[in-house]
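# Structural description and commentary
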Amino acid sequence: DVTPFPDTALFRSGGRAKISVVAGSEKCLDHGCITPVLGEFLSQVDQHILHAASLSIAHAGGLRAVLLMGPAGSGKTTAALALARSGMDLMADDVSFIGPANGESSQSLAIWGLPRPCKVHKNTLAMLPHLSDLPRRPSLRKDKDFINITEITEPYVSRPAPPALILFLGDRNENEHRVQRIDRVASLTELTRHNLRAGHCSLYSRAAKTFGMLSQLAMHSDSYSLSIGPELNSLPRIVHSLLEA
């Protein structure tokens, strides 16, 4: 039972949905069809999709999450893979989730991800040649391949982690990494721009919950704009210094 609207679907069948795929197009399930469906169900238990890459790192006596957010083509996957090589655990390269920690409704938040394959551009393979040694399979785009996240972060353990740092990726530059701190109001504005959009009036209640979660995220995280330079090896040092700031 699916009630369709122009840009989403609400499920009314007590936790079930049926997906019909045109014969010969089964690969579409690898390309994001499952995630929006899953997001519909998870929103009912106060877990919300974030259009961001996420990594966890041991910091301040526990795990902390680092989020990389930006439009398509801004380098989220490339930056996330560069950070993963430095020892951070890659939770998700494109779609992450946020919700109350331990199912609580308090201000305690947790970021987590799913072990979806990373879609890696040929330019990323050139910048991170160690990835070429990992098993890959073709995607629908000729310039991108899939690499299983379990090959990148071994063993893969996506333990929820409280957010500590949000990096909003801007245009790349040819000189050096450029970092600028942004205040919480600007952070919430960017979070909203990347994660909420206009929709059917029946979605207002859910959007309000998502906005509340984004507000908490902005309040409890340090936020920076980041323009990535050509030297990816120095990016982990930048992130560590921001965590210590």
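Above this text sits the structure in question.
This section reports on the structure supplied with the text. Please read these numbers as outputs of a predicted model, since none were measured by experiment.

In terms of strand pairing, strand β12 (residues 163-169) meets strand β14 (residues 222-227) through 5 bridges, oriented parallel. Paired with L167 across the two strands is Y224, which belongs to β14. The pairing of strand β13 (residues 178-182) with β14 spans 5 bridges and is antiparallel. Looking at the pairing, R178 lines up with S227 of β14.

Before going further, it helps to spend a moment on the sheet that holds β14. Strand order in the open sheet formed by 6 strands is β6-β4-β5-β12-β14-β13, and the pairing between neighbours is mixed. The open sheet has two edge strands with one neighbour each: β6 (89-92) and β13. Mean inter-strand twist for the sheet, computed between neighbouring axes without regard to direction, equals 25°. Two elements, strand β4 (residues 52-59) and strand β5 (residues 62-69), share 8 bridges in a ladder whose sense is antiparallel. Looking across to β5, one finds that L55 is bridged to V66. Running over the sheet, helix α5 (residues 184-195) touches β5, β12, β13 and β14 and is turned about 70° from β12.

In this fold, I98 is placed in strand β7 (residues 96-100). In this structure I98 comes out as buried when scored by relative accessible area, which is 1%. Once you skip the residues sitting within four places of it in the chain, I98 turns out to touch D46, Q47, H48, L50, L109, A110, I111, M213 and L217.

Here the focus is the nonpolar core. Core analysis: the largest hydrophobic core is formed by 34 residues, its most contacted members being L55, L68, L90, L165, L167 and V239. Looking at this core, the elements that each hand over two or more residues are β4, β5, α2 (76-85), β9 (118-121), α4 (149-152), β12, β14 and α7 (235-244). In terms of residue count, the dominant contributor to this core is α2 (6 residues). Leave out the neighbours within four places in its chain, and L165 touches A65, V66, L67, S221, D222, Y224, V239, L242 and L243. Core analysis: the second largest hydrophobic core is formed by 18 residues, A65, L109, L191 and M213 among them.

A few words now on the packing of aromatic side chains. In total, this model carries 1 aromatic pair according to the counting rule given. On the numbers, 4.6 Å between centres and 15° between planes, the contact of F97 with W112 is stacked. Placement of F97 in strand β7 and of W112 in strand β8 (residues 109-113) is noted, with a sequence separation of 15 residues between them. For the residue pair F97 and W112, the accessibility class agrees, reading buried in each case.

A probe matching the size of a water molecule, rolled over the atoms, marks out where space remains unfilled. What the rule picks out here adds up to 1 cavity of 30 Å³ or more. Looking at the largest cavity, its volume works out to about 30 Å³. In terms of lining, the largest cavity is formed by A92, D93, D94, V95, L114 and R116.

To continue, consider unusual backbone geometry. The phi dihedral of D46 falls on the positive side, at around 65°, and the residue is not glycine. Summarising the element assignment, D46 is placed in the loop between α1 (34-43) and β3 (48-50).

We now examine the sheet that holds β9. Read from one edge to the other, the open sheet built from 3 strands follows the order β9-β11-β10, with strand pairing classed as antiparallel. Two strands lie at the open edges of the sheet, namely β9 and β10 (137-138), each paired on one side alone. As paired elements, β9 and strand β11 (residues 144-147) share 4 bridges and run antiparallel to each other. Bridge assignment links C118 to a residue of β11, and that residue is I147.

Procedures and definitions
Residues numbered from 1 in each chain as written. Predicted model: local features only at pLDDT ≥ 70, side-chain atom pairs only at ≥ 80, totals over all residues. Heavy atoms only, no water. Pairing = 2+ DSSP bridges. Helix = DSSP H or I, 4+ residues; strand = E, 2+ residues; numbered from the N terminus. Axes fitted to C-alpha atoms, helices over the stretch in contact; angles between N-to-C directions. Contact = heavy atoms within 4.5 Å. Buried < 20%, exposed > 50% of the residue type's maximum accessible area, 1.4 Å probe, protein only. Core = buried A, V, L, I, M, F, W, Y, C linked by side-chain atoms within 4.5 Å. Phe/Tyr/Trp six-rings, centres within 6.5 Å; stacked < 30°, edge-to-face > 60°. 1 Å grid on protein atoms, 1.4 Å probe; cavity = no way out; pocket = protein on both sides within 12 Å on 5 of 7 lines; lining within 4 Å. Points joined across faces, edges and corners; volume = space filled by probe spheres on them.

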